[in-house]
Amino acid sequence: QENKAQWLEDARYGMFIHWGLYSATEGIWKGERLRHPNNYAEWIRYRNRIGEAEYGELAKRFDWEKINPEEWVLLAKKAGMKYIIITSKHHDGVALWDTKVGDYSLPKLSGSNRDVIKEIADACRKHNMKLGFYYSHWIDWQHPYAWNHNQEVTGRVTDAQYNQYWQEKVIPQVRELLTNYGDIALMWFDMWIPYQQSIIKKEQLDQLANLIHEIQPNCLINSRLGLPISNKNVDFETLGDNVLGEAYTDHVWETPGTIAHSWGYNALESEWKSTNQIFQSLINNVSLNGSYTLNIGPRADGTVPYEGVERLETIGKWLATYGEA
Ligand code: JFZ
């Protein structure tokens, strides 16, 4: 049987985009930096204990005059990247698209009728770029019955309650994502422990995978679904964040990497990797038949910090001159 993930191995280099309400905080909430040594801006709602209503207000800071997802696609092109993965719903539970499943979406919270997921899907089609969706299935800080680690935000959750979250939010939202936006190359789930150690049940993961296969049989699923690469529902392995490949494997794999430290835009970012370091990470993975998915964290107006643009363009120029197409 032909490996449907072969294109990802051949692609070698892609763009990750972390963009959501958290981007508008820029990593600062009420004059205070993130209450955690890891400066992940996309975790600010949880770390700084922001309430749902107040968090939703961040949608008002989005600058729709400037936001243009096609520019992200053009940047990926220039960088020599072959696919894009965008945070359709991160742990905060906010859908970036115009979901009909609940009111917790960027269009509804911002009062804008723009559907950024539709716009990036259209731009990817136009520029021949593969598109994948990050979807936080395990954790959701908005739904009262979803998982949020130590349960400080929503209280304890029973298996039955968790299943309610699963059936009324995860399943119908993933169905929307795979129905309304054309061909989706991959779904990137994000649970970094085996499902047995989580509240998720095997049947729920199978249901999710079956749904994806039913709507888009060619759509790939990553191992952070919560299952090992040996499972038939997993098409490629996602290594730990910024963890590079060490050897050839018999399966397709990728490393999600950051240019700086935070995934979401953080104005206090101070750990930009050098262009050399990023380039060597890419070369390391490519030399082992792996892929490198490098993240950008645009601001709430869609602009990408120049530190990232500069590194992406430098490497892109090198690839255009010396790399194979
Ligand atoms: C997760 C998210 O919590 C984070 O916000 C970001 O989206 C990132 C891509 O994924 O964070 C992780 C997940 C797994 C590891 C580390 C951070 N890991 O396995 O090393």
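Let us look at the structure shown here. (Residues numbered from 1 in each chain as written. Predicted model: local features only at pLDDT ≥ 70, side-chain atom pairs only at ≥ 80, totals over all residues. Heavy atoms only, no water.)

Notes on the overall build of the chain
Stage number 1. Each helix and strand counted, the chain has 10 helices and 10 strands in total.
Stage number 2. A compact globule built from 325 residues would reach a C-alpha radius of gyration of about 20 Å, and the chain, at 19 Å, matches this within 12%.
Stage number 3. Along the first, second and third principal axes, the C-alpha atoms of the chain reach 55 × 50 × 35 Å.
Stage number 4. For the chain, long-range pairs separated by at least 24 residues make up 71% of all intrachain contacts whose partners lie at least 6 apart in sequence.
Stage number 5. Working note: accessible area of the chain is about 13800 Å², and carbon and sulfur atoms make up 48% of it.
Stage number 6. Taking the average location of the 33 positive side-chain charges in the chain and that of its 42 negative ones, the two points are 2 Å from each other. (Helix = DSSP H or I, 4+ residues; strand = E, 2+ residues; numbered from the N terminus. Rg over C-alpha atoms; globule rule 2.2 N^0.38 Å. Contact = heavy atoms within 4.5 Å. Areas by Shrake-Rupley, 256 points an atom, 1.4 Å probe, with all protein chains shown as cover. Lys, Arg positive; Asp, Glu negative; His and termini not counted. Charge placed at Lys NZ, Arg CZ, Asp CG, Glu CD.)

Section: the packing of aromatic side chains
Stage number 1. With the rule as written, the count across this model stands at 20 aromatic pairs.
Stage number 2. Their ring planes at 15° and their centres at 5.3 Å tell us that Tyr46 and Trp141 sit as a pair that is stacked. On the criterion of sequence distance, the pair formed by Tyr46 in helix H2 (residues 44-47) and Trp141 in the loop between strand S5 (130-135) and helix H7 (159-179) is long-range, its members being 95 residues apart.
Stage number 3. Trp141 gets classed as buried once you look at its relative accessible area, which sits at 2%.
Stage number 4. Ring centres 4.9 Å apart and planes at 70° place the aromatic pair Phe279 and Trp318 in the edge-to-face group. Remark: Trp318 occurs in helix H10 (residues 306-322) and Phe279 occurs in helix H9 (residues 275-287); sequence separation between them is 39 residues.
Stage number 5. Chaining the aromatic ring pairs together yields one cluster made of Phe16, Tyr40, Tyr134, Trp188 and Trp263.
Stage number 6. Positioned above the aromatic ring of Tyr55, the side-chain terminus of Arg45 is 5.7 Å from the ring centre. (Phe/Tyr/Trp six-rings, centres within 6.5 Å; stacked < 30°, edge-to-face > 60°. Buried < 20%, exposed > 50% of the residue type's maximum accessible area, 1.4 Å probe, protein only. Lys NZ or Arg CZ within 6 Å of the ring centre and 35° of its normal.)

What to know about helix H4 (residues 69-79)
Stage number 1. Taken residue by residue, H4 has Pro69, Trp72, Val73, Leu75, Ala76 and Ala79 as its buried positions. When H4 is viewed along its axis, its buried side chains cluster within an angular range of 160° and face the same direction.
Stage number 2. Tucked into the core, H4 has its buried residues touching strand S1 (13-17), strand S4 (83-89), helix H6 (116-126), strand S10 (291-296) and H10.
Stage number 3. Within two residues after H4, Gly80 carries a phi angle of roughly 90°, on the positive side. (Arc of directions from axis to C-beta.)

What about the pattern of salt bridges?
Stage number 1. Across all of its chains, the model carries 17 salt bridges by this definition.
Stage number 2. The salt bridge involving Glu32 is made with Arg35; its shortest N-O contact spans 2.8 Å.
Stage number 3. Among the residues examined, Glu32 registers a relative accessible area of 33% and is labelled partly exposed.
Stage number 4. A residue is classified by how much of its surface remains accessible, and Arg35, at 45% relative accessible area, is partly exposed.
Stage number 5. Here Lys126 and Glu70 are joined by a salt bridge, their closest N and O atoms 2.7 Å apart. Of this pair, Lys126 sits in helix H6 while Glu70 sits in helix H4, and the two are 56 residues apart along the sequence. (Salt bridge = Lys/Arg side-chain N within 4 Å of Asp/Glu carboxyl O.)

Side note on the side chain of Arg47
Stage number 1. Its location among the elements puts Arg47 in helix H2.
Stage number 2. The contact partners of Arg47, leaving out residues within four places of it in the chain, are Leu34, Arg35, His36 and Asn38.

Thoughts on the site of the ligand
Stage number 1. Looking at the ligand, the residues that line it are His18, Glu42, Trp43, His90, His91, Tyr134, Asp190, Trp192, Arg224, Gly240, Asp241 and Trp263.
Stage number 2. Between the ligand and Glu42 there is a distance of 2.6 Å, counted from an oxygen atom to a side-chain nitrogen or oxygen.
Stage number 3. One nitrogen or oxygen atom from the side chain of Asp241 is found 3.4 Å from an oxygen atom belonging to the ligand.
Stage number 4. Here the ligand, which alone exposes 450 Å², has 82% of that area covered by the protein.
Stage number 5. Along the lines of polarity and charge, the residues of the shell around the ligand split into four nonpolar, four polar and four charged. (Near = heavy atom within 4 Å. Polar contact = N/O pair within 3.5 Å; in protein donor to acceptor, adjacent residues only side chain to side chain. Nonpolar A, V, L, I, M, F, W, Y, C, P; charged D, E, K, R; others polar.)

What to know about the pairing of S5
Stage number 1. Burial of S5 is extensive: five of the six residues sit out of reach of the surface.
Stage number 2. Inspection of the sheet shows S4 paired to S5 by six bridges, in the parallel sense. Directly across from Ile85, in S5, lies its bridge partner Gly132.
Stage number 3. In terms of strand pairing, S5 meets strand S6 (residues 186-189) through four bridges, oriented parallel. (Pairing = 2+ DSSP bridges.)

Focus on the side chain of Gln142
Stage number 1. Assignment of secondary structure puts Gln142 in the loop between S5 and H7.
Stage number 2. At a separation of 2.6 Å, a polar atom in the side chain of Gln142 contacts the side chain of Lys169.
Stage number 3. The residues touching Gln142, leaving out its near neighbours within four places in the chain, are Arg45, Glu52, Asp92, Gly93, Tyr104 and Lys169.

Description of the sheet that holds strand S7 (residues 220-221)
Stage number 1. If you walk across this open sheet you meet the eight strands as S7-S6-S5-S4-S1-S10-S9-S8, and the pairing is parallel. A strand with exactly one partner marks an edge of an open sheet, and here the two such strands are S7 and strand S8 (237-238).
Stage number 2. Where S1 and S4 come together, four bridges link them in parallel fashion. Residue Phe16 lies in a different strand from S4, and its bridge partner there is Ile85.
Stage number 3. Along the sheet face, H4 touches S1, S4 and S10 and points at about 150° away from the line of S1.
Stage number 4. Packed on one face of the sheet, H9 meets S1, strand S9 (253-258) and S10 and runs near 150° to S10. (Axes fitted to C-alpha atoms, helices over the stretch in contact; angles between N-to-C directions.)

These figures capture arrangement, not role.
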